[in-house]
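So you can see what is in the structure, the chains are spelled out below.
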Amino acid sequence: MLREELDLALNWAAAEGWNPGLDDAVPFYEADPQGFLIGLLDDQPAAMISAVTYGTSFAFMGFYIVRPEYRGRGYGWQIWQAAIARLANRNIGLDGVPDQQDNYRKSGFILAHRNIRYQWSGHPLPPQAPLPGGASLIPLDGAALSSLKRYDRAFFADDRTQFLHSWIVQPHCTAIAVQQGEELLGYGVIRRCRDGAKIGPLFADTPEIAASLFSALCSHSDEPVFLDVPECNTAAMALAERHGMHRVFETARMYTQQAPEISLERTYGITSFELG
């Protein structure tokens, strides 16, 4: 895809009910400018998929969409094969809708866990949770990029510095960290979407820090807020349900190789279903 074609991908995703962010195109594209594929039929877009690489060992697939009038003709399989070929020899992750799990298994993907999308009505604001001694909430762009890179690495399968650098400064977003001395204890981002706002990621060393970040991020939205929680993190599920959030959607996180050793027990909200 060309950069402007990624806007089309976001529109197609919105039509599927996936509720992308208003400004996702730039950070998504900067993650891997060659990682978005489009299939043309008589010079018209018929299918698309993302096959974004990170570092030397990891990749993530998303935006797997065929225009409704072209479905059932094999075009999806063609572009899927092109994406798989581009990512050869990497561990590939994806977040797929549950009813497609069997199809993904046929391509070698293995279920790791489910993600649950929760929605919060926005009122009343959750109370601010206490922070550890000497810790404070700061704008994330006030933290050193090296600290952010080091902290984030525990939660993702390979380096994604280029993506993060763009993700945390996109328009219509607020990014907040908890810092103690020179070290980060957690961070989160909330961004405007086609419907309401999404928090992602939300990483924290303790449930209390996660709750403090959640409250601070929610204070920047007067619309519904969505949070994508790994079901295997019981503390994250409890955080969502304690604040009256309700389930609206779920995905199956799957990988072609062994699930990466990332800190799911400190993952209270994943970054996105499209890029991991």
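Throughout this document, residue positions are counted from 1 along each chain, in the order its sequence is written. At least 70 in pLDDT is required for a residue's local features to be given in this predicted model, at least 80 for side-chain atom pairs to be given and counted, and no such filter applies to totals for whole chains, interfaces and linings, which use all residues. Calculation of side-chain values draws on the structure's entire complement of heavy atoms; hydrogens and water are dropped beforehand.

The name an unreviewed UniProt entry assigns to the protein chain is Acetyltransferase, GNAT family protein, from the organism Mariprofundus ferrooxydans PV-1.

**Comments concerning unusual backbone geometry**
The amide bond that connects Gly200 to the next residue, Pro201, takes the cis arrangement and shows omega of 0°. Helix numbers and strand numbers start at the N terminus; a helix is a DSSP run of H or I with at least 4 residues, a strand a run of E with at least 2. Relative to the assigned elements, Pro201 resides in strand β9 (residues 197–204). With a phi close to 55°, Asn19 is a non-glycine residue in the positive phi region. As for its placement among the helices and strands, Asn19 is situated in the loop between α1 (3–15) and α2 (25–31). A simple rule labels every residue: compare its accessible area, found with a 1.4 Å probe on the protein chains alone, to the largest value its type can have, and call it buried under 20%, exposed over 50%, or partly exposed in between. Classification of Asn19 as buried rests on a relative accessible area of 10%.

**Observations concerning the nonpolar core**
Leu6, Phe28, Phe36, Leu140, Tyr187 and Leu275 are the most contacted members of the largest nonpolar core, which has 40 residues in total. Sorting the residues of this core by element identifies α1, α2, β2 (44–54), β3 (58–66), α5 (145–152), α6 (161–167), β7 (173–180) and β8 (183–192) as the ones contributing at least two each. A per-element tally of this core places α1 first, with five residues. Residue ranges labeled as domains rest on an automatic or database domain assignment. Looking at this core, you find at least three residues from each of domain 1 (3–112) and domain 2 (117–269). Not counting residues up to four positions away in its chain, the partners in contact with Phe36 are Met1, Leu6, Phe28, Tyr29, Ile49, Ser50, Val52, Phe63 and Leu275. Among buried residues, the Ala, Val, Leu, Ile, Met, Phe, Trp, Tyr and Cys ones that are joined through side-chain atoms within 4.5 Å form a nonpolar core. In terms of nonpolar packing, the next biggest core, distinct from the first, is built from 30 residues, Ile116, Ile209, Ala211 and Val225 among them. By definition, residues are in contact when any of their heavy atoms lie within 4.5 Å.

**Observations concerning the confidence of the model for the protein chain**
On average, residues of the protein chain score 94 in pLDDT, and 98% of them are at 70 or above. Values of pLDDT, ranging from 0 to 100, describe the predictor's confidence in every residue of the model. Across the protein chain, element-level confidence peaks in strand β12 (residues 267–269) with a mean pLDDT of 98 and bottoms out in helix α4 (residues 101–106) with 90.

**Thoughts on the UniProt feature "domain: N-acetyltransferase" (unreviewed entry) in the protein chain**
UniProt positions are given in the numbering used here, feature names are shortened, and annotations may be inferred rather than shown by experiment. Taking the UniProt record as the reference, the feature "domain: N-acetyltransferase" (unreviewed entry) is found at residues 1–132 and 135–269. Spanning residues 135–269, this segment combines 27% helix with 37% strand, and its end C-alpha atoms are found 21 Å apart.

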